[in-house]
Amino acid sequence: MSNADRHGLIAKAVRDSGGATVQELAELTNASEMTIRRDLDTLAAQGVLERVRGGARSLLLRGEEPPFALRAHEAIDVKRRIAAEVSALIADGESVLLDSGTTCLEVARLLRERPVTVMPLSLQAIHLLGETPGPATLVVPGGQPRAAEGALTGPLTLASLAALRFDTAVIGCCGLSAADGLTAYDLDDAAVKKTGIASARRTIVATDGGKLGRTAFAHVGPSALLQTLVTDTTAPPDEVTALEGAGTIVKIA
């Protein structure tokens, strides 16, 4: 098991149960207790969990959005498969609005090698696309980054989106259902997603199956606004059927 896979498994175990001991995590990952202690120190330094005597506990409150640092360790292979499918749907020469979030960051890794124009909505993706010269053209919006998340929001972000027209908007989500549509945890984030969708010719939603059938606090728009959904095999079949019935093309990565 790689370090990244082990860290993801540890983060998920602590998050799901609220806490775990070094011994429990060693048994879960088939790693030594010394290795687990080093892993916990690393994850604590990243703000993923809190280190306590003999183990770790979650920093996450019930119903709270998991922090970016924690989500970055989860389901990496799934996110990369989704990102590859999204990239395949985008043609060379397109202008692309790229939402914030860990799945969209994986899309950014692929688009930086493509002759496309990309406006990312997170500091992480901006840094990734701008760190080395490549065929992709980077356009940077205005706005204020949300602490820890790095997502750009506020009047300057909305004005940047409203002033442009994109071929494709790649949007992440916190919840998506045929009944309640696309939703987000944060009101400012929801406003950015809504304006981004309105500024694009088509919208691709990129999300793992665990978000389907869920409804978060802030409403973005009905599922009818979404031309394509790229998800994975964990997507609930009944929700997939309902979304397809509402006119969304669903692709399973």
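1. So, the pairing of strand E15 (residues 249-252)
Link 1 in the chain: Across four bridges, strand E14 (residues 228-231) lies against E15 in parallel orientation. Along E15, the bridge assignment pairs threonine 231 with isoleucine 252.
Link 2 in the chain: Note that the unit made of E14, helix H10 (residues 237-245) and E15 has a crossover that is right-handed.

2. A short note on the packing of helix H1 (residues 3-17) against helix H2 (residues 22-29)
Link 1 in the chain: Where H1 contacts H2, the two axes come as close as 10 Å, and the packing angle between them is 130°. Viewed along their axes, H1 and H2 adopt a mutual orientation that is oblique. In this structure, the crossing between H1 and H2 has a hand that is right-handed. Contacts from Arg6, Leu9, Ile10, Ala13 and Val14 in H1 reach Leu25, Leu28 and Thr29 in H2.

3. Section: the sheet that holds strand E9 (residues 166-171)
Link 1 in the chain: With respect to topology, seven strands assemble into an open sheet ordered E6-E5-E4-E9-E12-E14-E15, the strand pairing being parallel. One side of each edge strand has no neighbouring strand; the edge strands of this open sheet are strand E6 (137-138) and E15.
Link 2 in the chain: The strands touched by helix H5 (residues 76-89) within the sheet are E9, strand E12 (200-206), E14 and E15, with E14 carrying the most contacts at an inclination of about 150°.

4. Digging into the sheet that holds strand E11 (residues 181-184)
Link 1 in the chain: Strand order in this open sheet of three strands is E10-E11-E13, and the pairing throughout is antiparallel. At either margin of the open sheet sits one strand with a lone partner, and together these are strand E10 (175-177) and strand E13 (218-221). Direction aside, neighbouring strands of the sheet carry axes that sit 30° apart on average.
Link 2 in the chain: The sheet contact formed by E10 and E11 spans three bridges and is antiparallel. The partner of serine 177 across the bridge, within E11, is glycine 181.
Link 3 in the chain: Sheet strands touched by helix H9 (residues 187-198): E11 and E13. Its angle to E13, the strand with the most contacts, is close to 5°.

5. Let's talk about unusual backbone geometry
Link 1 in the chain: Despite not being glycine, asparagine 30 has its phi angle at roughly 60°, a positive value.
Link 2 in the chain: Along the polypeptide, asparagine 30 turns up in the loop between H2 and helix H3 (33-45).
Link 3 in the chain: Under the relative-accessibility criterion, asparagine 30 is labelled exposed at 73%.

6. Structural notes on H10
Link 1 in the chain: Within H10, the full set of buried residues consists of Glu239, Val240 and Leu243. In a view along the axis of H10, the buried residues occupy a sector of 100°, so they form one face of it. The exposed residues of H10 that point more than 90 degrees off its buried face are Pro237, Asp238, Thr241 and Gly245.
Link 2 in the chain: On its buried face, H10 is in contact with E10, E14 and E15.

7. Here's the deal with the side chain of serine 177
Link 1 in the chain: Counting through the fold element by element, serine 177 comes out in strand E10.
Link 2 in the chain: Within polar-contact distance, the side chain of serine 177 engages the backbone nitrogen of aspartate 180 at 2.9 Å.
Link 3 in the chain: When residues no more than four places from it in sequence are discounted, the contact partners of serine 177 are Gly213, Arg214, Thr215, Ser223, Glu239 and Leu243.

8. Focus: the nonpolar core
Link 1 in the chain: If you look at the biggest cluster of nonpolar residues, it comprises 27 residues, and the most contacted ones within it are Leu97, Leu161, Leu176, Leu182, Val205 and Leu229.
Link 2 in the chain: Residues within four places of leucine 182 in sequence aside, it is in contact with Ile171, Gly172, Cys173, Gly175, Leu176, Ile197, Val205, Ala218, His219, Val220, Gly221 and Leu226.
Link 3 in the chain: In this structure, Ile82, Ile90, Ala108 and Val118 belong to the second largest nonpolar core, which totals 21 residues.

Rules of the game
- Residues numbered from 1 in each chain as written.
- Predicted model: local features only at pLDDT ≥ 70, side-chain atom pairs only at ≥ 80, totals over all residues.
- Heavy atoms only, no water.
- Pairing = 2+ DSSP bridges.
- Helix = DSSP H or I, 4+ residues; strand = E, 2+ residues; numbered from the N terminus.
- Right-handed = clockwise from strand over helix to strand, strands pointing away.
- Axes fitted to C-alpha atoms, helices over the stretch in contact; angles between N-to-C directions.
- Parallel < 35°, antiparallel > 145°, perpendicular 65-115°, else oblique.
- Left-handed = near helix turned anticlockwise from the far one by under 90°.
- Contact = heavy atoms within 4.5 Å.
- Buried < 20%, exposed > 50% of the residue type's maximum accessible area, 1.4 Å probe, protein only.
- Arc of directions from axis to C-beta.
- Polar contact = N/O pair within 3.5 Å; in protein donor to acceptor, adjacent residues only side chain to side chain.
- Core = buried A, V, L, I, M, F, W, Y, C linked by side-chain atoms within 4.5 Å.

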